[in-house]
Amino acid sequence: MASSNKFSRRSFIRTGSLGIGALALGPALSSFVLATGKAKKKLGIALVGLGSYSGGQLAPALQHTKDCYLAGIVTGTPAKAVDWAKKYNIPQKNIYNYQNFHEIANNPDIDIVYVVLPVSMHKEYTIKAAQAGKHVICEKPMALNAKDCEDMIAACKKANRLLSIGYRLHFEPHNVEIMRLGQQHILGNIKHIDTGNGFTYNGDPNAWRLKKALAGGGGLMDMGIYSIQGTRYTLGQEPVAVKATQQKLRPDFFKEVDETVFWELEFPGGLKTTGKSSYNNDWSYLKVEAEQGNFELGPAFGYGGIEGSVNGNPMKYPQIIQQAAQMDDFAKCVTLNKPSRVPGEEGLKDMKVVDAIYKSLDSGKWERIS
């Protein structure tokens, strides 16, 4: 769920051009027009878990969305419920805790549930939300492992609810351009990709992110998911094998989870790429070498300040409110009953890679990605 280095949610720097440009988000509107010509009211989103990402990014972004709005919250902390209700004018009937969460099924104000909890709780509340008749956005990493992802996808399909994963960068213009350049072979075939994402973790040593049972892992789960995604969406292909190593310079701090992980991915046809993740290095880049030149992002994965270049020429795209674009897109998908561009299957693909990386760390060998 976290992002990278100085642009992470822990210290987000909003750039001056935020919200400007073709992909930027204008003032909130009360409705949008469907293909049928009928107006549809904004869809209501309930945030489940009011940690730093909900408070620092999602709730503020929902003040700029056109097709959805902050309708409700779910929290286990009564004081937060009071503060959020006052700050965002949330009616008491739209405020839930984890004991009465099931009652959200009876609330027509809430169309979408956004699960923003520790990774170990993603599966439970995604399934509960779908069973309550709500469409679901689940933060990344999607779950503790690929099997849990499969269960979440199956539950949403059984309930006939849409499931999307919080991959905001699929809506960010610099990253979208990287996808176009790579997948359409604009500079010829890709010869190599190298990605890195991480930040120096100096926070609470008792935080849930450092507990294996809650987070599933460390820098790889939190930061590495961006590096894996970046490689996959640049190529538009799925890796078939991985070899990984790790480094732990602060073992007393990272007792249960990985600190820094390095990997090599093999793709169909034999192309090999490199990537890395860390809780002890400030990285945020994606570099691509193609037959007819190079293109890259750096910073690549943050909430703002993303910059890119093609053969040394800077990309000229606006900085946008990524989470607003992401949530608006899903609201339109729900309204028009069409699949999200970042469905549960996208999260599953990443977790298959992550599972194989952890397996390789244990075996010291190349491992197949099933």
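For the structure itself, look to the data block above.
Residues numbered from 1 in each chain as written. Predicted model: local features only at pLDDT ≥ 70, side-chain atom pairs only at ≥ 80, totals over all residues. Heavy atoms only, no water.

Draft legend 1. Fine view of the overall build of the protein chain. What the protein chain contains, in helices and strands, is nine helices and 17 strands. The burial tally for the protein chain puts 57% of its 370 residues in the buried class. By element, 51% of the accessible surface of the protein chain is carried by carbon and sulfur atoms, the whole surface being about 15,200 Å². (Helix = DSSP H or I, 4+ residues; strand = E, 2+ residues; numbered from the N terminus. Buried < 20%, exposed > 50% of the residue type's maximum accessible area, 1.4 Å probe, protein only. Areas by Shrake-Rupley, 256 points an atom, 1.4 Å probe, with all protein chains shown as cover.)

Draft legend 2. Broad picture of the pattern of salt bridges. Enumeration according to the criterion identifies 16 salt bridges in this entry. The partner of Lys 191 in a salt bridge is Glu 289, and the shortest N-O contact between them spans 3.6 Å. In this pair, Lys 191 sits in strand 9 (residues 190–200) while Glu 289 sits in strand 13 (residues 280–290), placing the two residues 98 residues apart along the sequence. Judged by its relative accessible area of 35%, Glu 289 falls in the partly exposed class. Between Asp 329 and Arg 341 there is a salt bridge, with its nearest N and O atoms 3.5 Å apart. One end of the pair, Asp 329, is in helix 8 (residues 322–336); the other, Arg 341, is in the loop between helix 8 and helix 9 (344–363), with twelve residues separating them in the sequence. Here the residues in one salt-bridge network are Lys 123, Lys 147, Asp 148 and Asp 151, joined through shared partners. (Salt bridge = Lys/Arg side-chain N within 4 Å of Asp/Glu carboxyl O.)

Draft legend 3. Spotlight on the pairing of strand 4 (residues 68–74). Burial of strand 4 is extensive: six of the seven residues sit out of reach of the surface. Of the pairings in the sheet, the one linking strand 3 (residues 43–48) to strand 4 comprises six bridges and is parallel in character. Each residue of the ladder has a partner; that of Val 48, found in strand 4, is Val 74. A crossover connection joins strand 3 to the parallel strand 4 through helix 1 (residues 52–61); in handedness this β-α-β unit is right-handed. (Pairing = 2+ DSSP bridges. Right-handed = clockwise from strand over helix to strand, strands pointing away.)

Draft legend 4. Quick peek at helix 1. Every buried residue belonging to helix 1 is among Tyr 53, Ser 54, Gln 57, Leu 58, Ala 59 and Ala 61, and all of these are buried. Where helix 1 is buried, its residues touch strand 3, strand 4, helix 2 (78–88), strand 6 (112–115) and helix 8. (Contact = heavy atoms within 4.5 Å.)

Draft legend 5. View of unusual backbone geometry. Omega for the bond connecting Lys 140 with Pro 141 falls within 30 degrees of zero, at -10°, which places this linkage in the cis form. Across the junction of Gly 298 and Pro 299, the peptide omega takes the value -5°, indicating a cis bond. In this fold, Pro 299 is placed in the loop between strand 14 (293–297) and strand 15 (308–310).

Draft legend 6. Region of interest: the environment of Ile 110. With respect to the helices and strands, Ile 110 occurs in the loop between strand 5 (95–96) and strand 6. Take Ile 110: its relative accessible area is 1%, and that puts it in the buried class. Taking C-alpha positions, Ile 110 is 9.0 Å from Leu 70, a pair spaced 40 residues apart along the chain.

Draft legend 7. View of the sheet that holds strand 3. Pairing is parallel across the open sheet formed by six strands, whose spatial order is 5-4-3-6-7-8. Every other strand in the sheet has two partners, leaving strand 5 and strand 8 (163–165) as the edge strands with one partner each.

Draft legend 8. Structural view of the sheet that holds strand 11 (residues 260–266). Spatially, 16-15-14-13-9-12-11-10-17 is the arrangement adopted by the nine strands of the open sheet, whose pairing is mixed. Strands at the two margins of the open sheet, each flanked by one partner only, are strand 16 (313–314) and strand 17 (367–368). Inspection of the sheet shows strand 13 paired to strand 14 by five bridges, in the antiparallel sense. When the bridges of strand 14 are listed, Leu 286 appears paired with Leu 297. Across the sheet, helix 7 (residues 219–235) lies against strand 9, strand 11, strand 12 (272–278), strand 13 and strand 14, angled at about 160° from strand 9, the strand it touches most. (Axes fitted to C-alpha atoms, helices over the stretch in contact; angles between N-to-C directions.)

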